[in-house]
Amino acid sequence: MGYSPNRRSLAPVLSLLLIIGLLVPGAAFAKQEDHSDNGKGKVVGTMTRNLYLGADLTPAITAKTLPEFVAANGQILREVTANNFPVRAKGLAAEILKAKPDLVGLQEVALWRTAPVNFEVLTKGPSATTVRYDYLAELLAELNKGPDRYEVVVVQNEFDLEAPGDEDGNPATGPFGADINGRLTMRDVILARRGAGVETKNAQSANFATSLVVTVAGAPTTIKRGWTATDARVRGSGWFRFVNTHLEAFHPLIRQAQAAELVAPTGPATSDLPVVLVGDLNSDDDTVTGADQLAYLTLLAAGMVERSTDDPLSCCLNSSLLAVGKGGSEADFDHQVDHIMTRDPELITLQDSAVSGIQPVNGFWNSDHAGLFSALRFHN
């Protein structure tokens, strides 16, 4: 007769294995980071991450004269260089790789280009082509060192502005001090995790019909913003709609109108599928006041429900310079504008949520925003 241990004889061994699993990192019984269903519905990791375009644009927008405008543009270019996106990309990639979101909504995915001085762009539109910083390419390069881990699902170009600037800080260098043209193209992007059972289809994107118009160097300029979206299915979940957006920062009524576009009958966040909305909404219901609440309240009125944490808060550094010692502080994160929401709260519940990027790494904060991750449990 062969040997067959009884349950009592196994009990001490199992107890010892459990203790080892709890105390030794990486042991067989250690908690796994991968999202699993545990027989209670499929779990999908989602993230929203504002990358920070790299500078404060306010001085250029508010400049009263052409020399002031050129000087402000030079300051913007110097700030972008000082904020060192190649270094920040390493920290941003580390945040994403640690959280392992299946779908990521990115905002302020800047593309900075330059050209020789040309004042005609102020009336004829941008034309610079020499790439100085491509935030999307640089972030993907960091994410995909070794195996490809993330791929682009959809990109939407937002506002695209070019102007002469006094980058060297010498007003005698050229006309009105201009020594270079700088061009900023803003983009919103959705990424999907490769090799993790993530399927996407029906990718879409657009600019909002309602946009802020500002006067820049005496000319009306439209500040385009918009959204990206895709249908997705993750490791056997039902299909759902994933929407990423960045609402207007500088005008609460424009922001509210854009939120209404999202949830209108023909909007991207209205679907026969369950909907997940992520992004920088520049609005909240209890950590901001007055008209800054309107966009978020519009989403709540349409049936959207929060599916992310507000502990800690994720916004925002008060300094436009992200290097340690340049004015930013962890205490600056005192309100919430980054959100993960759903329009189908019975089908999509929150398993857990976390904030990343509150502290600097590599000598810089990764962005002026923190990152926001939520593991969502799907019951469809």
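Residues numbered from 1 in each chain as written. Predicted model: local features only at pLDDT ≥ 70, side-chain atom pairs only at ≥ 80, totals over all residues. Heavy atoms only, no water.

Peer 1: How should I be thinking about unusual backbone geometry in this particular structure?
Peer 2: One can expect most non-glycine residues to show negative phi and most peptide bonds to be in trans. The residue after aspartate 311, namely proline 312, is reached through a cis peptide bond having omega 10°. Geometrically, the link from cysteine 315 to cysteine 316 is a cis peptide bond, its omega value of -15° lying close to zero. Assignment of secondary structure puts cysteine 316 in the loop between β13 (305–306) and β14 (338–342). For asparagine 282, which is not glycine, the phi torsion reads 50° and is therefore positive. Relative to the assigned elements, asparagine 282 resides in the loop between β12 (275–280) and α8 (294–301). Since its relative accessible area comes to 15%, asparagine 282 is described here as buried. (Helix = DSSP H or I, 4+ residues; strand = E, 2+ residues; numbered from the N terminus. Buried < 20%, exposed > 50% of the residue type's maximum accessible area, 1.4 Å probe, protein only.)

Peer 1: Help me understand the state of the cysteines, please; the structure alone is not making it clear to me.
Peer 2: Note on terminology: disulfide describes a covalent bond linking the sulfur atoms of two cysteines. A complete count under the given rule lists one disulfide for this structure. With its sulfur 1.6 Å from that of its partner, cysteine 315 forms a disulfide with cysteine 316. With the S-S dihedral at roughly -95°, the linkage between cysteine 315 and cysteine 316 falls on the left-handed side. With respect to class, cysteine 315 is no different from cysteine 316; both count as buried. (Disulfide = S-S within 2.5 Å.)

Peer 1: Would you mind showing me how to read the sheet that holds β14 here?
Peer 2: Across a sheet, paired strands are connected by hydrogen bonds in the backbone, their directions being either parallel or antiparallel. One open sheet holds the six strands; their spatial order is β7-β10-β11-β12-β14-β13, and the pairing between them is mixed. The open sheet has two edge strands, β7 (198–207) and β13, and neither has a second partner. (Pairing = 2+ DSSP bridges.)

Peer 1: I'm lost on the confidence of the model for the chain in this one. Help?
Peer 2: One rule of thumb: low pLDDT means the predicted coordinates there are not for detailed reading. Predicted confidence across the chain gives a mean pLDDT of 90, with 89% of residues reaching 70 or more. Confidence scores differ between elements of the chain, with helix α1 (residues 7–23) showing the lowest mean pLDDT of 33 and strand β2 (residues 103–107) the highest of 99. Throughout residues 1–33 the model reports pLDDT below 50, and contacts reaching past four residues in sequence, or to other chains, amount to nine contacts. (pLDDT = per-residue confidence, 0-100. Contact = heavy atoms within 4.5 Å.)

Peer 1: What exactly am I supposed to notice about the nonpolar core here?
Peer 2: Taken as a class, soluble globular proteins show a tendency for nonpolar side chains to be buried jointly. By size, the foremost hydrophobic cluster in this structure holds 44 residues, and its most contacted members are Trp112, Tyr135 and Leu191. Non-local contacts of tryptophan 112, meaning those with residues more than four positions away in its chain, are made with Leu53, Ile76, Leu77, Val80, Thr130, Val131, Arg132, Tyr133, Tyr135, Arg183 and Leu184. In terms of nonpolar packing, the next biggest core, distinct from the first, is built from 29 residues, Val234, Leu322, Ile340 and Phe364 among them. (Core = buried A, V, L, I, M, F, W, Y, C linked by side-chain atoms within 4.5 Å.)

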